[in-house]
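Read off the chains here:
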Amino acid sequence: MKEIITLCICCLLISCSTTAQQEQKWPPELTEVWEPEPKVVTGATAQKPPSDAIVLFNGSGLEAWKNAEGGPAGWKINSDGTMTVVKGSGPIFTKEKFGSCQLHIEWKTPDEIEGEGQGRGNSGVFLQNRYEVQILDSYQNRTYSNGQAGAIYKQYPPLVNAMNPTGSWQTYDIIFTAPEFNADGMKTRSGYITVLHNGVLIQNHSELQGTSEYIGLPKNIAHGDDGIQLQDHGNPTSFRNIWIRKL
Ligand code: MG
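Since this is a predicted model, take the numbers as computed values, not measurements.

A word on the pattern of salt bridges
1) Next: Under the criterion given, the structure shown has seven salt bridges.
2) Next: Among the salt bridges present, the one from aspartate 111 reaches lysine 108, with a minimum N-O distance of 3.1 Å.
3) Next: Under the relative-accessibility criterion, aspartate 111 is labelled exposed at 55%.
4) Next: Residue aspartate 226 is joined to arginine 130 by a salt bridge in which the shortest nitrogen-to-oxygen separation is 3.0 Å. In this pair, aspartate 226 sits in the loop between β13 (200–207) and β14 (229–230) while arginine 130 sits in the loop between β7 (123–127) and β8 (131–135), placing the two residues 96 residues apart along the sequence.

Encoded structure:
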């Protein structure tokens, strides 16, 4: 038995070194891939989205958005190129539907601290109108961890709390992989969300358990592309510079 094991190890070592010797003889070009060539895109700056992004809000208007009934979005556009939730006007949705995407969004909770826990600057960004990345003033404001800013609501707390102080602008850069369903309505691939909050990784390819639910467990009802929703939770949270890239 001992001899057989020794023989196997010897064979393995010989085959490994033979492969290594063969590889050394290869021209370096053998492992180069030239096609397809990645498309040229101009990167984002603080003032400008990447050249291939779809601008969802840049301060000039709410043309890309609608309310729940399909009418004009009722949020307030401010003179400084931002917009603010109007309490009671309801959530707003992008007119265009999206699947997997990269989403950049900047948000700010009210300067004046009002309320606590879930009642302070609450809003949210829902991918495909179903999967919420929580927006909340989580600067020195404790609430349940899977409901604080950057949580995938009621599923995953953020890895860290990367909040800037109350009243400061915050950024989310979200990478969303849409879930997939077959013709029978069964989920065949989970969705995934990665989030950088103010440049800090707070969700690392988190596997969606299903929809974000306030009460009860996540649901997995088949759906296709859908709009991005921003939540009216009754707090005057503001937004600016929102753009998206389809993946
Ligand atoms: Mg919310």
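Considering the domain arrangement of the chain
1) Next: Split by domain assignment, the chain resolves into domain 1 (2–31) and domain 2 (54–246).
2) Next: Computed over C-alpha atoms, the centres of domain 1 and domain 2 are 52 Å apart.

Some details on the nonpolar core
1) Next: Membership of the largest hydrophobic core comes to 37 residues, with the highest contact counts inside it found for Leu127, Tyr172, Ile193, Leu230, Phe239 and Ile242.
2) Next: Looking at this core, the elements that each hand over two or more residues are β1 (54–57), β6 (101–108), β7, β8, β9 (170–177), β12 (192–197) and β15 (238–246).
3) Next: When residues of this core are assigned to their parent elements, the largest contribution, four residues, is made by β6.

Considering the pairing of β8
The side chains of a regular strand alternate, residue by residue, between the two faces of the sheet.
1) Next: For β8, the tally of buried residues reaches five of five residues, placing the bulk of the element in the interior.
2) Next: Side chains Tyr131, Val133 and Ile135 project from β8 onto one buried face, and the interleaved Glu132 and Gln134 project onto a second face that is buried too.
3) Next: Bridge analysis of β7 against β8 gives five bridges, and the strand direction is antiparallel. When the sheet's bridge partners are listed, valine 125 is paired in β8 with valine 133.

A short note on the coordination of the magnesium ion
1) Next: Looking at the magnesium ion, the protein donor atoms are Asn122 (OD1), Ser123 (O), Glu132 (OE), Gln134 (OE1) and Gln231 (OE1), and they sit 2.2 to 2.4 Å from it.
2) Next: Sequence spacing among the residues donating to the magnesium ion works out to N-S-x8-E-x1-Q-x96-Q. Placement of asparagine 122 in the loop between β6 and β7 and of glutamine 231 in the loop between β14 and β15 is noted, with a sequence separation of 109 residues between them.

Brief notes about empty space enclosed by the protein
1) Next: Enumeration according to the criterion identifies one cavity of 30 Å³ or more in this entry.
2) Next: Lining of the largest cavity is provided by Thr109, Pro110, Glu112, Ile113, Glu114, Arg120, Gly121, Asp137 and Thr166.

Quick look at a nonpolar patch on the surface
1) Next: Together, Leu159, Val160, Val200 and Leu201 give the surface a local cluster of nonpolar side chains, amounting to about 310 Å² of exposed area.
2) Next: Inspection of the secondary structure puts valine 160 in the loop between β8 and β9.
3) Next: Using a relative accessible area of 40% as the deciding quantity, one classes valine 160 as partly exposed.

Remarks on the environment of aspartate 173
1) Next: Mapped onto the fold, aspartate 173 is located in strand β9.
2) Next: Through-space distance from the C-alpha of aspartate 173 to that of histidine 197 is 6.7 Å; in sequence the pair is 24 residues apart.
3) Next: In this view, aspartate 173 contacts Leu103, His104, Thr194, Val195 and Leu196; residues no more than four positions away in its chain are not counted.
4) Next: At 2.7 Å, the side chain of aspartate 173 and the side chain of histidine 104 are in polar contact.

What counts and how
Residues numbered from 1 in each chain as written. Predicted model: local features only at pLDDT ≥ 70, side-chain atom pairs only at ≥ 80, totals over all residues. Heavy atoms only, no water. Salt bridge = Lys/Arg side-chain N within 4 Å of Asp/Glu carboxyl O. Buried < 20%, exposed > 50% of the residue type's maximum accessible area, 1.4 Å probe, protein only. Helix = DSSP H or I, 4+ residues; strand = E, 2+ residues; numbered from the N terminus. Domains from an automatic or database assignment. Core = buried A, V, L, I, M, F, W, Y, C linked by side-chain atoms within 4.5 Å. Pairing = 2+ DSSP bridges. Donors = N, O, S within 2.8 Å, 3.2 Å for Na, K, Ca; no water. 1 Å grid on protein atoms, 1.4 Å probe; cavity = no way out; pocket = protein on both sides within 12 Å on 5 of 7 lines; lining within 4 Å. Points joined across faces, edges and corners; volume = space filled by probe spheres on them. Patch = residues over 30% accessible without salt bridge, like charges linked within 9 Å, V, L, I, M, F, W, Y side chains within 5 Å. Areas by Shrake-Rupley, 256 points an atom, 1.4 Å probe, with all protein chains shown as cover. Contact = heavy atoms within 4.5 Å. Polar contact = N/O pair within 3.5 Å; in protein donor to acceptor, adjacent residues only side chain to side chain.

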